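One letter stands for each residue in the lines below.
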Amino acid sequence: MELTDLKTKHPEHWKKATALRMLAIDAVQAANSGHPGMPMGMADVATVLFEKHLKFDASAPDWADRDRFILSAGHGSMLLYGLLHLTGYADMTIEEIRNFRQPGAKTAGHPEYGYAGGIEITTGPLGQGIATSVGMAMGEASMAARFGKKLVDHTTYVIAGDGCLMEGISQEAIGLAGKQKLGKLIVLWDNNGITIDGAVENADLTDQARRFKASGWSVFQCDGHDPDSIDAAISAARKSRKPSLVDCKTHIGFGSPNKQDSSAAHGAPMGEEEIVKLREVYDWPHKAFVIPKDIKAEWEAIGAAGATARAEWEARLAEGSEGLQNRFARVIANERPKGFSGKINRFKEQISQDAPKMATRKSSEAVLGVINKALSETIGGSADLTGSNNTLTEGMGVFEPGNRRGRYVNYGIREHGMAAAMNGLALHGGCLPYGGTFMVFSDYMRGAMRLSSLMGLPVTYVLTHDSIGLGEDGPTHQPVEHLAMMRATPNLNVFRPADTVETAEAWEIAVTSPSTPSALALTRQGLPTLRTDHIRKNQVSKGAYVLAREENERRVILMASGSEVEIAMAARTELEAKGIGTRVVSMPCWELFEAQEEDYRRKVLPGKAVRVGIEAGARMGWDRWLTGERGNKYSAFIGMESFGASAPIDALYQKFGITADAVVAQVDALLAQQDEAKLKTS
């Protein structure tokens, strides 16, 4: 629909949509930074969605049964901020709009989860929003099965752009959604045909409608500037039992005399002269950031319209049994039931007594057997490696269209899509997701893993086959740099447990951490139980601890994680036999150790002793513990300096010099250097 016809035929809609457009135009201009074109183009779609379809109450942003709205095209953040302000979300004042992209503002350049009510997810990296929405829709389906549709019955809406659909993760996501028949997922495609470099056709010729249909979606079309057409398309999508794509044909920079339908409207302010012309075209004589009271009142009425539905929902919840109410409140609050830690402790005690030798991936499976029985909210899965990741436990059932009570997802070979879906499950609430793949394939998940950390989501990544210890599959499958990569990520706890007891403690921390995701690096090869004396206290919670104290006068500290702790213990036996006092420090989680008080870290890593770090990975990061933290130059690292190789595990550890004999030889050399230096200064 042409702009003049829109103004004439739909005057009330036009005023509301124009308010939304002008807030975006003025905010981007004031910041001298941002993306006005998408909000200008999608304002009509957003206005119809919020006014006629979206179930929400602006006064209760966290209402559990609200519809979810995800702006996957996060660069158009002012569309979301404008909607939140106009509908009356308390956090989104006009001052926040004025301070768009300024220090301390809730109106960051791209939507940031947690900054303000109504921002459901951090978006900006294209494709992540649409992929995460799949997990949100899965969360709705799972919760509806567990608690009934009287309490859980809502839709996830997404605005996605051409860039979102070009990113590879989008195909993983739409394939998963189609297979799962997520009928309460509706994607509104801003089909404006423009990217930063120009027309979409310069880089892509995909027939998106046929692509989505081939992936199991319903597809609808509308004129993205005709309110009736938009309303009809969304209404049709809501009736579909499949996930739906609504192809909204729009004009980027709608109404701009000189920039409409061009990349000039995408990522830069309109400019003062163009804004003067836009005010004339829009019939908007008001100053920047001024919204007439009657228009603001109409928008606020839209924001309050869901209050009745929310009150009715609260009444239905109150009618439920006390047990149901408590369970619902607990999972929504992401809390664990009483007695959970006791179950983990009893498992640890039994393991210390039995002292089995097993791969930590199998240890993880054993722990999950306890966790999944105790926590009904866990939803596990694997990227087509269930038998290798050991992520499926008895009684979970498969989550699928015919069994929404199932708690195990067959994600297929979609690592990135899996990670994003887990973010969506966590964001939805009431679900505690974990998913497995080989650790080397964390490369494929990197974008979504980073967002787990950025948003502070309780997601657990089960990463097996964590080193050259996986053996014959060779260097393509053997992680070397991956521990360093993950440890460099803020707000990510990276666990590399040395035995089954440490694995249990790592899992306990992972499923009780409210705002920090976890990555568990687990072995393929069997490891002995090192913690044979049961200790109730969670030692891994300290990040590092003294596993074995020196018997002779302390001269050496051996630090290791995971499978190399066994090597450190063997080296200690040899060194102590020679009268060399040797301490072994297990370091399953650097991040938690860094968070400990200085006094504790000093007790674990006192000064003066020779230090050797042992890990079948890259050295990066180890120097903090070798030469920092009261360390000295008499230190060394035994690990990987190159990619791995294809061979049996024992041959690989010999080839790369990660053995107890190599540790002892290194210690002897360092002690000799230290003793020689002491002689020279005496």
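This text follows the structure it describes.
Small disclaimer: the values here were computed from a predicted structure and weren't measured.

Cut-off values and rules
- Residues numbered from 1 in each chain as written.
- Predicted model: local features only at pLDDT ≥ 70, side-chain atom pairs only at ≥ 80, totals over all residues.
- Heavy atoms only, no water.
- Helix = DSSP H or I, 4+ residues; strand = E, 2+ residues; numbered from the N terminus.
- Rg over C-alpha atoms; globule rule 2.2 N^0.38 Å.
- Buried < 20%, exposed > 50% of the residue type's maximum accessible area, 1.4 Å probe, protein only.
- Contact = heavy atoms within 4.5 Å.
- Lys, Arg positive; Asp, Glu negative; His and termini not counted.
- Charge placed at Lys NZ, Arg CZ, Asp CG, Glu CD.
- Pairing = 2+ DSSP bridges.
- Axes fitted to C-alpha atoms, helices over the stretch in contact; angles between N-to-C directions.
- Polar contact = N/O pair within 3.5 Å; in protein donor to acceptor, adjacent residues only side chain to side chain.
- Parallel < 35°, antiparallel > 145°, perpendicular 65-115°, else oblique.
- Left-handed = near helix turned anticlockwise from the far one by under 90°.
- Right-handed = clockwise from strand over helix to strand, strands pointing away.
- Core = buried A, V, L, I, M, F, W, Y, C linked by side-chain atoms within 4.5 Å.

A. Looking closely at the overall build of the chain. On a plain count of helices and strands, the chain comes out with 27 helices and 20 strands. Its C-alpha atoms give the chain a radius of gyration of 28 Å, near enough to 26 Å, the size a compact globule of 682 residues would have. Along the longest, intermediate and shortest principal axes, the C-alpha atoms of the chain span 95 × 60 × 45 Å. In the chain, which comprises 682 residues, the proportion classed as buried is 62%. Nonlocal contacts in the chain, meaning residues at least 24 apart in sequence, comprise 78% of its contacts between residues at least 6 apart. Seen as two clouds, the 76 positive and the 83 negative side-chain charges of the chain have centres 4 Å apart.

B. How the structure looks around the sheet that holds strand S16 (residues 545-548). Strand order in the open sheet made by the five strands is S16-S18-S17-S19-S20, with mixed pairing throughout. A single partner strand is all that each edge strand has here, and the edge strands are S16 and strand S20 (635-638). The sheet shows a mean angle of 25° between the axes of neighbouring strands, direction not considered. Relative to strand S18 (residues 581-586), strand S17 (residues 554-560) runs parallel, the two being bridged by six bridges. Note on S18: the bridge partner recorded for arginine 554 is glycine 581.

C. Spatial organisation of the environment of arginine 611. Secondary-structure assignment places arginine 611 in strand S19 (residues 610-614). A relative accessible area of 1% places arginine 611 in the buried class. For the pair arginine 611 and leucine 558, spaced 53 residues apart in sequence, the C-alpha separation works out to 5.8 Å. At 3.1 Å, the side chain of arginine 611 and the backbone oxygen of proline 606 are in polar contact.

D. Structural view of the packing of helix H3 (residues 37-52) against helix H4 (residues 77-87). Packing of H3 against H4 leaves a shortest axis separation of 10 Å and a crossing angle of 40°. Of the possible angle classes, the one that applies to H3 and H4 is oblique. For the pair H3 and H4, the sense of crossing is right-handed. Here H3 contributes Met38, Pro39, Met42, Ala43, Ala46 and Phe50 to the contact with H4, which in turn contributes Leu79, Leu83 and Thr87.

E. Inspection of the pairing of strand S7 (residues 244-249) at higher detail. Here S7 lies mainly inside the structure; five of its six residues are buried. Summarising the sheet, strand S3 (residues 185-191) and S7 pair through six bridges and their orientation is parallel. Bridge assignment links leucine 188 to a residue of S7, and that residue is valine 246. Summarising the sheet, strand S6 (residues 218-223) and S7 pair through six bridges and their orientation is parallel. Within the sheet, the bridge partner assigned to phenylalanine 220 lies in S7 and is valine 246. Since S6 and S7 lie parallel, the crossover through helix H10 (residues 227-239) that links them has a hand, and here it is right-handed.

F. Expanded view of the nonpolar core. Ranked by internal contacts, the top residues of the largest apolar core, which has 71 residues, are Met138, Phe328, Tyr411, Tyr461 and Met486. Beyond its immediate chain neighbours, meaning those up to four positions away, methionine 486 contacts Met439, Met449, Leu463, Leu492, Val494 and Ala519. Counting 68 residues, the second-largest nonpolar core is a separate cluster that includes Leu20, Met42, Val48 and Phe50.

G. Summary view of the sheet that holds strand S1 (residues 68-71). An order of S1-S2-S3-S7-S6 is seen for the five strands of this open sheet, with the pairing classed as parallel. Only two strands of the sheet have a single partner each, and these edge strands are S1 and S6. Strand-to-strand twist in this sheet, taken as the mean axis angle between neighbours without regard to direction, amounts to 20°. Contacting S1 and strand S2 (156-161), H4 crosses the sheet at an angle of about 145° to S1.

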